[in-house]
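Results of the structural survey
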Amino acid sequence: YDIHGQPEGNILTVEFTLAGQQFIALNGGPHFHFTPAISFYVTCETEEEVDNLWQRLSEGGTVMMPLDQYDWSKKYGWTADKYGLTWQISLGNLNDVHEQKIVPSLMFVSEKGVAEEAIRHYTWLFKDSSITGILRYGEGEDQPQGTVQHAQFRLYGREVFMAMDTAPKYADFTFNEAVSLLITCETQQEIDHLWEGLSAVPDAEQCGWLKDKFGVSWQVTPAILNTLLQDPDSRKTERVTKAYLQMKKFDIAALQQAYDGVL
């Protein structure tokens, strides 16, 4: 209870995989609520799959765009599920998303549009990254001309993301900590590099969490932490837990010293 504020015995985190994509769910209490700023775009290659997913995900939820034919897909819908998490279900071709069935989609709410600035920053910061396509709003459309209607980019040469701009008159939400993007780092050098390039809100820094200048929340975590916390010796895991709860940016050497009992 002292660590996470939930009654003893409650589930704190659950790790699971959907269509090859890894997720971690956290029982975080009532502090943050999901918004459509980060949704999950699911590409289906048959209408049957679209219909099945749509029925299951929209049941008890809130439909944001009805399942219908649109310019970009013969069958597409956007819904919040009964837990508040938002999904875009689309009939399409997996080759167009590099075989990644579930793609995080980031919506940047801004008067002038910042999606392009954000994805150029991310692809500069993360190694082996690239922008694979940008479609812009044209003259006479209902969004500022030149801003991003849809973009795709890849981080670390494999993870596909989507991004788009929207004007504030169409959206009264923004990013928050309810959905964060987790980065697992092998070295302190990588942690330092990403922390310096991403963190822009000092008050948001805690236990590897940070918020960038666009409002997106990230967790920059050493790969070794999970190993240290799974040790059967409770004294070691308690020391590691106590150490990391006092950190903002993770310090791998300090975590190892806590594990080893070195003061």
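Residues numbered from 1 in each chain as written. Predicted model: local features only at pLDDT ≥ 70, side-chain atom pairs only at ≥ 80, totals over all residues. Heavy atoms only, no water.

Read from one edge to the other, the open sheet built from 3 strands follows the order S11-S13-S12, with strand pairing classed as mixed. Taken across any chain shown, the strands that pair with only one partner, and hence form the sheet edges, are strand S11 (180-185) and strand S12 (209-211). Taking the axes of each pair of neighbouring strands and ignoring which way they run, one obtains an average angle of 25 degrees across the sheet. As paired elements, S11 and strand S13 (residues 217-222) share 6 bridges and run parallel to each other. Residue pairing across strands places Cys 185 opposite Pro 222, the latter belonging to S13. Sitting on the sheet, helix H3 (residues 188-198) is in contact with S11, S12 and S13, with an inclination near 150 degrees to S11. (Pairing = 2+ DSSP bridges. Helix = DSSP H or I, 4+ residues; strand = E, 2+ residues; numbered from the N terminus. Axes fitted to C-alpha atoms, helices over the stretch in contact; angles between N-to-C directions. Contact = heavy atoms within 4.5 Å.)

Moving on, we get to the pattern of salt bridges. Side chains bearing opposite charge may pair, as long as their charged atoms lie close to each other. Tallying each qualifying case throughout the model produces 9 salt bridges. The salt bridge partner of Glu 117 is Lys 213, with a shortest N-O separation of 3.6 Å. Of this pair, Glu 117 sits in helix H2 (residues 115-125) while Lys 213 sits in the loop between S12 and S13, placing them 96 residues apart in sequence. Residues Lys 249 and Asp 192 are paired through a salt bridge, measuring 3.0 Å at the closest nitrogen-oxygen approach. Of the two residues, Lys 249 is situated in the loop between helix H5 (234-245) and helix H6 (252-260) and Asp 192 in helix H3; the sequence distance between them amounts to 57 residues. Three or more residues joined by partner-sharing salt bridges are found here, namely Glu 47, Asp 51 and Lys 75. (Salt bridge = Lys/Arg side-chain N within 4 Å of Asp/Glu carboxyl O.)

Another aspect to go through is the packing of aromatic side chains. Counted according to the given criterion, the structure contains 16 aromatic pairs. Among the aromatic residues, ring-to-ring pairing joins Phe 108, Tyr 122, Phe 126, Phe 153, Tyr 156, Phe 161, Phe 175, Phe 214 and Trp 218 into one connected group. (Phe/Tyr/Trp six-rings, centres within 6.5 Å; stacked < 30°, edge-to-face > 60°.)

One water molecule sets the probe size; rolling that probe over the atoms shows where empty space is left. Per the counting criterion, the structure on display carries 1 cavity of 30 Å³ or more. Lining the largest cavity are Thr 35, Ala 37, Ile 38, Thr 174, Phe 175, Asn 176, Ala 178, Val 179, Val 216 and Ser 217. For the lining of the largest cavity, the residue count by class is 6 nonpolar, 4 polar and no charged. (1 Å grid on protein atoms, 1.4 Å probe; cavity = no way out; pocket = protein on both sides within 12 Å on 5 of 7 lines; lining within 4 Å. Points joined across faces, edges and corners; volume = space filled by probe spheres on them. Nonpolar A, V, L, I, M, F, W, Y, C, P; charged D, E, K, R; others polar.)

Turning next to the sheet that holds strand S3 (residues 38-44). Taken in spatial order, the 8 strands line up as S4-S5-S6-S3-S7-S10-S9-S8 in an open sheet, and their pairing is mixed. The sheet is open, and its two borders are formed by strand S4 (62-70) and strand S8 (130-136), each paired with just one other strand. Pairwise comparison of adjacent strand axes, ignoring direction, gives a mean angle of 20 degrees for this sheet. Looking at chain direction, S8 and strand S9 (residues 148-155) are connected through 6 bridges and run antiparallel. Its bridge partner lying in S9, Arg 136 is registered against Val 148. Sitting on the sheet, helix H1 (residues 47-58) touches S3, S4, strand S5 (73-80) and strand S6 (86-91), and the angle it makes with S5 is about 15 degrees.

S6 sits mainly inside the fold: 6 of its 6 residues count as buried. Bridge analysis of S3 against S6 gives 5 bridges, and the strand direction is parallel. The residue of S6 that forms the bridge with Cys 44 is Leu 91. In the sheet, S5 pairs with S6 via 5 bridges, with the strands oriented antiparallel. Directly across from Tyr 76, in S6, lies its bridge partner Ser 90. Linkage of S5 to S6, two consecutive antiparallel strands, is achieved through a turn of 5 residues, within which Gly 84 is found at a positive phi near 100 degrees. (Buried < 20%, exposed > 50% of the residue type's maximum accessible area, 1.4 Å probe, protein only.)

Quick look at a nonpolar patch on the surface now. A cluster of nonpolar side chains, Val 14, Phe 16 and Leu 18, forms an exposed patch at the surface whose accessible area comes to about 210 Å². Relative to the helices and strands, Leu 18 resides in strand S1 (residues 13-18). (Patch = residues over 30% accessible without salt bridge, like charges linked within 9 Å, V, L, I, M, F, W, Y side chains within 5 Å. Areas by Shrake-Rupley, 256 points an atom, 1.4 Å probe, with all protein chains shown as cover.)

Turning to the layout of surface pockets, a few remarks are in order. Put simply, the second largest pocket is a space of about 890 Å³. Taken together, 31 residues make up the lining of the second largest pocket; nearest its centre are Trp 72, Tyr 76, Gln 88, Gln 149 and Met 164. Contributions of two or more residues to the lining of the second largest pocket are made by S3, S4, S5, S6, S9 and strand S10 (159-166). Looking at the lining of the second largest pocket, the element that brings in the most residues is S10, giving 4 residues.

In terms of residue burial, S13 counts as a mostly covered element, since 5 of its 6 residues are buried. Note: S12 against S13, 3 bridges, orientation antiparallel. Paired with Leu 210 across the strands is Trp 218, a residue of S13.

Without other data, these values stay purely geometric and don't point to any function.
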